[in-house]
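Remarks on the overall topology
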Amino acid sequence: MVKKISNNDMSEALESGLALVDFSAGWCGPCKMLAPVLEELSQELDGKLGFFNADVDENDELALKYGIRNIPALIVFKNGEPAERSVGFMPKEKLKEFIKAQL
């Protein structure tokens, strides 16, 4: 399950050890395409990492802090620090490879 981040509070994601944060927006077409893919992967990879979503319109401070200029933007956090990032839509298998490379 992909958990929503609100109020610019990423504490749960940063404390989870390994987390994937999807920076997106409700009006973004590629973000809408990516959301169900992330939901599927969150179930397939349950327990290996946390999946989170931050709407950039509602969490503008986070978007600014992490330099989000294009969406969808995915950042993998390891031990509370950004480790890897990707921008744009990825098909499920490519996204799975991207995530598994961080495990």
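Now for a description of the structure that goes with this document. Every value quoted in this text rests on a predicted model; they were computed, and no experiment measured them.

1. Concerning the pairing of strand E5 (residues 81-87)
- Taken together, the 6 bridges between strand E4 (residues 73-78) and E5 define a ladder with antiparallel strand orientation. Within the sheet, the bridge partner assigned to Val76 lies in E5 and is Glu84.

2. Concerning the packing of helix H2 (residues 29-44) against helix H4 (residues 92-100)
- Relative orientation of the contacting elements H2 and H4 amounts to 50°, with a least axis distance of 10 Å. The angle between H2 and H4 places the two elements in the oblique class. Between H2 and H4 lies a crossing of right-handed hand. In this structure, H2 contributes Leu34, Val37, Leu38, Glu40, Leu41 and Glu44 to the contact, and H4 contributes Lys92, Leu95, Lys96 and Ile99.

3. Let's talk about the nonpolar core
- Counting 19 residues, the largest nonpolar core has Ile5, Met10, Val21, Phe23, Tyr66 and Ile68 as the members making the most contacts within it.
- Mapped by element, the contributors of at least two residues to this core are strand E2 (18-24), strand E3 (50-55), helix H3 (60-65) and E4.
- The contact partners of Val21, leaving out residues within four places of it in the chain, are Ile5, Met10, Ala13, Phe52, Ala54, Ala73, Leu74, Ile75 and Phe77.
- Grouped together as the second largest cluster of nonpolar side chains are 16 residues, Leu34, Leu41, Leu45 and Val76 included.

What counts, and at which threshold
Residues numbered from 1 in each chain as written. Predicted model: local features only at pLDDT ≥ 70, side-chain atom pairs only at ≥ 80, totals over all residues. Heavy atoms only, no water. Pairing = 2+ DSSP bridges. Helix = DSSP H or I, 4+ residues; strand = E, 2+ residues; numbered from the N terminus. Axes fitted to C-alpha atoms, helices over the stretch in contact; angles between N-to-C directions. Parallel < 35°, antiparallel > 145°, perpendicular 65-115°, else oblique. Left-handed = near helix turned anticlockwise from the far one by under 90°. Contact = heavy atoms within 4.5 Å. Core = buried A, V, L, I, M, F, W, Y, C linked by side-chain atoms within 4.5 Å. Buried < 20%, exposed > 50% of the residue type's maximum accessible area, 1.4 Å probe, protein only.

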